[in-house]
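# Commentary on secondary and tertiary structure
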Amino acid sequence: MEYIRFEKHDFAAVLTIDRQQALNALNSQVIEELDKAIDGLNFDEIRVLIVTGAGEKAFAAGADIGEMASMTREEARAFGRRGNEVFRKLETLPVPVIAAVNGYALGGGCELALACDIRIASENAVFAQPEVSLGITAGFGGTQRLPRLIGPGKAKELLYTASRIKAGEALSLGLVNAVYPREELLSQCLKLAEKIAANAPIAVRATKKAINEGIGKEMNLAIEVEAVQFAGCFETRDQLNAMTAFIEKRKAGPFMNK
Ligand code: CAA
């Protein structure tokens, strides 16, 4: 692959978008390579995925404006659909995904972070949905995920004004979970990944599924979604071992994903 790098760290994997000459802007090739890289992940080995951008300036500076500039409506529809498909695949991966936002996360870059489960930013991160300043709407899910995450009032302000916000404001809005100095970002994300990976993988995956599938549903249906995932964890080796360990006053784990 030309624009995606992959690195494995114990139970976590790091996918890096590396198109630094364009601040990791998401052109069709990057989107296709991201899709292929996601398809190639082995979830028997990976318990957490981290997504980041290469270089010191950008997570991703958005969809590629050069590529979009001359698109017809038909081409734009296909481009938007494809981006949405790949981001949705990322959002619904069986394992948690952490966005390590290491700089500009603009337009499609912010939307990529929004498709992840958890966002951790470096102090130099900058977020915006600047699409209306380019004569378009957000196209990779921003009008839908941003209001769901931070509430419609603030999301509308960001989406209507195209304003850029810094990491500290993103933190206060709940757009990111934590902010660290740039040089600590990846190690802090790996630490978080390690903490997640230390728990029973079947239970972590079931928790993700319960949240993602239940969140848009009416509460009576939503708790049913949880009930299915809750029951599914029982009779697994990890559940039996962990509960036995508790009763015998031993530490649970290591978990086996069985
Ligand atoms: N698309 C294509 N190329 C981009 C790009 C993008 N989104 N963002 C940056 N680049 C390119 C620049 O054209 C430049 O290339 P050249 O060196 O060949 O000229 C290179 O990256 C470096 O960028 P700058 O010289 O502009 O760097 P800077 O430090 O002065 O500014 C920036 C950085 C503020 C991020 C600025 O590049 C910028 O505003 N980029 C565009 C951000 C944007 O509007 N993103 C939203 C796109 S629309 C979208 O994403 C739609 C959607 O929802 C799907």
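A quick note: this is a predicted structure, and the numbers were derived from the prediction, not measured.

## Description of the overall build of the protein
When helices and strands are tallied, the protein shows 11 helices and 10 strands. Against the 2.2 N^0.38 benchmark of 18 Å for 258 residues, the protein shows a C-alpha radius of gyration of 19 Å, consistent with a compact globule. Projecting the C-alpha coordinates of the protein onto the three principal axes gives extents of approximately 65 × 40 × 35 Å. Looking at the 258 residues of the protein, the share that counts as buried comes to 46%.

## What to know about the site of the ligand
In the vicinity of the ligand there are 24 residues, among which Lys57, Ala63, Gly108, Glu111 and Glu131 approach most closely. Between the ligand and the protein, one listed contact pairs an oxygen atom with a side-chain N or O atom of lysine 57 at 2.5 Å. The side chain of glutamate 111 places a nitrogen or oxygen atom 2.6 Å from an oxygen atom of the ligand. Those elements that provide at least two residues to the shell around the ligand are α2 (65-68), β6 (104-106) and α4 (108-114).

## Brief notes about the nonpolar core
By size, the foremost hydrophobic cluster in this structure holds 51 residues, and its most contacted members are Leu49, Phe59, Leu90, Val101 and Phe127. For this core, the element with the most residues is helix α1 (residues 28-39), which contributes five residues. Counting 14 residues, the second-largest nonpolar core is a separate cluster that includes Ile118, Ala178, Cys189 and Ala193.

## Here's the deal with the pattern of salt bridges
It is possible for side chains bearing opposite charge to pair when their charged atoms get close. In the structure shown here, the tally under the stated rule is 15 salt bridges. Of the charged contacts in the structure, one is a salt bridge between arginine 82 and glutamate 32, with a shortest N-O distance of 2.7 Å. In this pair, arginine 82 is assigned in helix α3 (residues 73-91) and glutamate 32 in helix α1, connecting sequence segments 50 residues apart. By relative accessible area, arginine 82 is classed as partly exposed at 22%. In this structure, lysine 208 engages aspartate 117 in a salt bridge whose closest nitrogen and oxygen atoms are separated by 2.9 Å. In this pair, lysine 208 sits in helix α9 (residues 201-214) while aspartate 117 sits in the loop between α4 and β7 (118-122), placing the two residues 91 residues apart along the sequence.

What counts, and where the lines are drawn
Residues numbered from 1 in each chain as written. Predicted model: local features only at pLDDT ≥ 70, side-chain atom pairs only at ≥ 80, totals over all residues. Heavy atoms only, no water. Helix = DSSP H or I, 4+ residues; strand = E, 2+ residues; numbered from the N terminus. Rg over C-alpha atoms; globule rule 2.2 N^0.38 Å. Buried < 20%, exposed > 50% of the residue type's maximum accessible area, 1.4 Å probe, protein only. Near = heavy atom within 4 Å. Polar contact = N/O pair within 3.5 Å; in protein donor to acceptor, adjacent residues only side chain to side chain. Core = buried A, V, L, I, M, F, W, Y, C linked by side-chain atoms within 4.5 Å. Salt bridge = Lys/Arg side-chain N within 4 Å of Asp/Glu carboxyl O.

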